[in-house]
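Results of the structural survey
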Amino acid sequence: MKSVLITSNAYFPNIGGIENSLRYLAREYLKKGYEVNVVVSDVNNVTDDKLPPFEILDGINIYRYSTQHSVHKLLRPLSGFLTLISLLKLFKKLKLENKPDLTISRFHTTTWLAKIARLENVIYLLPGVVKYQNHPSRTSQKKGIAKVKQLLRYYYHVWLQSNAFRSADRLAVFSSNMADQVSSCAKPSKPLLLVKPGVDNERFCPCEHDQIQLL
């Protein structure tokens, strides 16, 4: 049986566009006969409940790396580094035990860490281009120290995504506009994959003419 690893920073029961797209993507691979393993963080943006490190949802194996670490308050700045170590260990574990044929990543950090773990056929399916989408001019304007932190966070993630561009085996985008944005930031060794996101026709369908008139 072929195996696919899908990874990002969050997944169902978290709510969000990327989380939702990952769930549909995982379901479609399952229908095609793949073993589906999802690697995400244990962040829960819906309730205060702690999400388990492993569970099976809809026949899909969900593995969660820890973002919560018991460290002295003076070492709390290192928590982010400990999270990366937790993720890297999980990638290496799944590479050894499951040997995924394909890895699909929807977050820049998970992309380059997947390559560090020597996972094969890593496709970075971009949620957006940080340089344009997350520019401070497009987000809330802050002042003073808050503005400095905002700028540092922005340039940090621009740098992280540039690493993901270089390390991924293939880059995939949802639109020609996004393809142009990527091309202005990087020079991929292989042509960009332009994929069209689908629609769940069991939940969404065209309105009948009479329904349109009533709206």
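Residues numbered from 1 in each chain as written. Predicted model: local features only at pLDDT ≥ 70, side-chain atom pairs only at ≥ 80, totals over all residues. Heavy atoms only, no water.

**Some points on the packing of helix α2 (residues 79-97) against helix α3 (residues 108-116)**
Stated formally: Axis lines are fitted through C-alpha atoms, for helices just across the contact stretch, and the angle between N-to-C directions can take any value from 0 to 180 degrees. Put simply, DSSP marks the helices as runs of H or I at least four residues long and the strands as runs of E at least two long, and each gets a number from the N terminus on. Throughout, the term roughly parallel applies to angles under 35 degrees, roughly antiparallel to angles over 145, roughly perpendicular to angles from 65 to 115, and oblique to all others. Handedness of a crossing follows from how the near helix is turned relative to the far one, being left-handed for an anticlockwise turn of less than a right angle and right-handed for a clockwise one. Only heavy atoms enter the contact rule, under which two residues are in contact if any of them lie within 4.5 Å. Residues were grouped as follows: Ala, Val, Leu, Ile, Met, Phe, Trp, Tyr, Cys and Pro as nonpolar; Asp, Glu, Lys and Arg as charged; and all remaining residues, including Gly, as polar.
At their nearest, the axes of α2 and α3 sit 9 Å apart, and the two run at 50° to each other. By the criterion of interaxial angle, the relationship of α2 to α3 is oblique. Crossing angle aside, the handedness with which α2 passes α3 is right-handed. Across the interface between the two elements, L84, L87, L88 and F91 from α2 touch T109, T110, L113, A114 and I116 from α3. Taken together, the residues of the contact of α2 with α3 break down into seven nonpolar, two polar and no charged.

**Regarding helix α1 (residues 17-31)**
How we decide: An expected span of 1.5 Å times one less than the residue number is assigned to each helix. Residue burial is assigned from relative accessible area. The probe radius is 1.4 Å, only protein chains are included, and a residue is buried under 20% of its type maximum, exposed over 50%, and partly exposed in between. In this context, the arc is that of the directions from the helix axis out to the C-beta atoms.
Its 15 residues give α1 an end-to-end C-alpha distance of 21 Å, which sits within 8% of 21 Å, the value for a rise of 1.5 Å per residue. Listing the buried residues of α1 in full gives E19, L22, R23, A26 and Y29. Across the axial projection of α1, the buried residues extend over an arc of 130°, all falling on one side. Turned more than 90 degrees away from the buried face of α1 sit G17 and K31, all of them exposed. Buried residues along α1 sit against β1 (3-7), β2 (35-41), β4 (60-65) and β5 (102-105).

**A closer look at the environment of L22**
Structurally, L22 is set in helix α1. Judged by its relative accessible area of 0%, L22 is buried. Distance in space between the C-alpha atoms of L22 and V38 is 8.8 Å, their sequence separation being 16 residues. Residues within four places of L22 in sequence aside, it is in contact with I6, S8, A10, Y11 and R106.

**Let's talk about the environment of Y29**
Position of Y29 relative to the elements: it lies in helix α1. Remark: the alpha-carbon pair of Y29 and V4, spanning 25 residues in sequence, is separated by 7.7 Å. Among residues more than four places away in sequence, those in contact with Y29 are V4, I6, Y34, V36, L102 and I104.

**Quick look at the pairing of strand β6 (residues 122-125)**
Our working definition: Two strands make a pair as long as DSSP finds a minimum of two bridges between them. Here the term right-handed applies to a crossover when the path leading from its first strand over the helix to its second strand runs clockwise, the strands being oriented away from the viewer.
Taking every second residue as pointing to the same face, both faces of β6 are buried, with V122 and Y124 on one and I123 and L125 on the other. Both β5 and β6 contribute to a ladder of three bridges, which runs parallel. Bridge pairing in β6 links T103 to V122. Remark: the β5/α3/β6 crossover connection has right-handed handedness.

**Considerations on the sheet that holds strand β8 (residues 193-194)**
The strands making up a sheet associate through backbone hydrogen bonding, with each pair oriented either parallel or antiparallel. Spatially, eight strands are ordered β3-β4-β2-β1-β5-β6-β7-β8 in an open sheet, and the strand pairing comes out mixed. Where the open sheet ends on each side, the last strands, each with one partner, are β3 (54-57) and β8. Of the strand pairs in this sheet, β1 and β2 are connected by five bridges, and their pairing is parallel. Note on β2: the bridge partner recorded for T7 is V39. Running at roughly 145° to β4, α2 makes contact with β1, β2 and β4 of the sheet.

Shape descriptors only; they carry no functional weight alone.
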